[in-house]
Amino acid sequence: MKTENQKAWFFVLPVLLLVAFNALIPILTVVNYSVQETFGNNVFFWQGLDWFEQILRSDRFHAALGRQFLFTFLILIIEVPLGIIVALSMPRKGFWVPVCLVLMALPMLIPWNVVGSMWNIFALPKIGMLGYFMNDVLGINYDMTQQPFSAWVTIIVMDVWHWTSLVVLLSYAGLVSIPDAYYQAAKIDGASPWKVFWYIQLPKMKTVLTIAILLRFMDSFNIYTEPFVLTGGGPGNSTTLLSIDLVKIALGQFDLGPAAAMSLIYFAITLLVSWLFYTLMTKDDPK
Amino acid sequence: MAKITLSNLRHSYLPNPSGPDDFALKQIDLDWQDGGAYALLGPSGCGKSTLLNIISGLLHPSEGRILFDDRDVTDLPPDQRNIAQVFQFPVIYDTMTVRENLAFPLKNRGVAADKIAERVAEIATMLEVEDMLDTRAAHLSPDNKQKISMGRGLVRDDVNVVMFDEPLTVIDPHLKWKLRSKLKELHQKVRATMIYVTHDQTEALTFADQVVVMQEGEVVQIGTPVELFERPRHTFVGHFIGSPGMNILPVLVDQGRASFQGVDIALEGAVTGQGGRTELGVRPEFVTLADTGLPARVRKVSDVGRHAVIEAMVGESPVKAVVEEANVTQGQEVHLAFRPDQTRLYRDGWIATEAAS
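Just so you know, these numbers come straight off a predicted model, no measurement behind them.

Draft legend 1. Fine view of empty space enclosed by the protein. Under the criterion given, the structure shown has one cavity of 30 Å³ or more. Of the volumes computed, that of the largest cavity is approximately 60 Å³. Lining the largest cavity, in full, are Ala185, Ile188 and Asp189 of chain A together with Ala84, Gln85, Phe87, Ser149, Arg152, Gly153 and Arg156 of chain B. Counting only elements with at least two residues in the lining of the largest cavity, the list comes to helix 8 (180-188) of chain A together with strand 6 (83-86) and helix 5 (142-154) of chain B. For the lining of the largest cavity, the element with the highest residue contribution is helix 5 of chain B, accounting for three residues.

Draft legend 2. Molecular detail of the sheet that holds strand 6 of chain B. All names here are of chain B. Within the open sheet, the six strands sit side by side as 6-7-8-3-9-10. Their pairing is mixed. What marks the edges here is a single partner per strand, and that holds for strand 6 and strand 10 (218-223). Taking the axes of each pair of neighbouring strands and ignoring which way they run, one obtains an average angle of 20° across the sheet. Judged from the five bridges that link them, strand 7 (residues 161-165) and strand 8 (residues 193-198) form a sheet pairing that is parallel. For Phe164, the partnering residue across the bridge sits in strand 8 and is Tyr196. Of the strands in this sheet, strand 6, strand 7 and strand 8 are in contact with helix 5, which crosses strand 6 at around 175°.

Draft legend 3. Layout of unusual backbone geometry. Residue and element names in this part refer to chain B. A cis amide bond, omega -5°, links Ser243 with the succeeding residue Pro244. Tracing the chain through its elements places Pro244 in the loop between helix 9 (235-240) and strand 11 (247-250). Backbone geometry places Asp69, a non-glycine residue, at a positive phi of 50°. Along the chain, the position of Asp69 falls in the loop between strand 4 (63-68) and strand 5 (71-72). Of the residues examined, Asp69 reaches a relative accessible area of 43% and is grouped as partly exposed. Of note, Asn82 is a non-glycine position whose phi angle comes to about 55°, a positive value. Looking at the secondary structure, you find Asn82 in the loop between helix 2 (78-81) and strand 6.

Thresholds, definitions, all that
Residues numbered from 1 in each chain as written. Chains lettered and ligands numbered in written order. Predicted model: local features only at pLDDT ≥ 70, side-chain atom pairs only at ≥ 80, totals over all residues. Heavy atoms only, no water. 1 Å grid on protein atoms, 1.4 Å probe; cavity = no way out; pocket = protein on both sides within 12 Å on 5 of 7 lines; lining within 4 Å. Points joined across faces, edges and corners; volume = space filled by probe spheres on them. Helix = DSSP H or I, 4+ residues; strand = E, 2+ residues; numbered from the N terminus. Pairing = 2+ DSSP bridges. Axes fitted to C-alpha atoms, helices over the stretch in contact; angles between N-to-C directions. Contact = heavy atoms within 4.5 Å. Buried < 20%, exposed > 50% of the residue type's maximum accessible area, 1.4 Å probe, protein only.

What follows is the structure, given as structure tokens:
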């Protein structure tokens, strides 16, 4: 005998409230700003989709978006293979396992603005160890405050330093969950180490790698603090990524309407790419 | 295909084994004939998987040699021993199709493409998987995956031995029987030496011509299923094989005569050796209800289909009897008779009567 009642709603309600306050209501305010213009004093004028059109046509947005995709692409193409290689070379058992795991986790435990400050000091010419080493020991002209290329190298290396561990730890978890029988069967089948990687380890890591790539994509696509502290978006606009540009428009110029429209476009792009990637990666999985 | 000889084999997982208890395998000497179907039977932890991994080369034994056709292979890695192994859980290469899976061991050894195609087709027919050759192996059901694992073992026609490590563990019961008979059929077709490791007596007895029974790192008995059933060399074998297992009863032996609960019991032959702990072994199939003999009280009657199992107490010892029809009830006083030519004496676990001739 099953009695129907509505009690379940009471259990869902707290979550609903939480989601409303931390996601739905803020987003709706942004939607609200994105279709209006204000000249202060809480007076608003209806603006329709004008801000969206303006943003989508603006060269400034295109440039920031381009830089953003380049940044994300570069860090993914370095961090994912590097993370897999490090995970493959980590010990599977014994005394060194916890040591390696803790060492790997360390960079991720450092607050983002601290990471930015650290690398800023580290990379400054004359003052920082890296800056000094590059200029005065190796004789390479390296100054991230003056040269866009140096600035890019620095933010990429900083992100690789900060976040490769995430890929390492996830890949490692995937690797240790592969039963020994697979390696034994491969040995008996006469498979080379490369084939073992390609036909056993990589397919078995697919799920964790999908998650790693997804997390790294979302995080790097929305990155703000570290490059802001490190280069402030400069020199010029060379390292002005999407979120840095967004903050400049919203808080620097106080253009709330365009900033809101840009936020929504930004959000839509992140969501779309994540969805496409996830769907493509999981479409072949057995049900 | 090859004859396999294991000589003076010992293995310990510890770096410095001191006593016999440190050894997972204690002194194994075995000869396996070319083309035979063998089963390694024993409870979990008896060392059967260790032995299998030593033969395949995944483990290096602490002591002793392994010979394939009198060639010493002890120090060779698995891929150079030319063996095949099927594991407990189906091992398939997820991203490949069934066809690619079957071709993989041949491809790795640089076999010509037309030869590969021919072998794959042959094996697919044998395993009845022709219709799924182009599906991705990851999409198969567990029993088909296990078939493909077997196929990868059988596809090379020059394998010395194919080994199965409890291959039916994850297979549904109704498919187990099918796969088991398939295996038997395959053995008759390919005539490769096959070793089948299991703790399931039905699997061992139906598959193998010769069964090797192991316990605590030692071989207890090697024999045909009939031999193991009729004349177990050790009480462990008697107990482990058969359903229900052999009745093992404490007896007193005095001047070659055995008496159980004060009643003289006729044995198959003369008693050998002396001293030690003596026990009587008789299979429930050879215990009958009689008018005279051992007095007993029926404790339990269970009807298991074609026959019934009666459990009766003789003093403090339970004795089981398998009978056609159980026309007794619980609590009833009965008499039991043991068939003399199937009644044996065991001394410290090992058989201690001469076989009736």
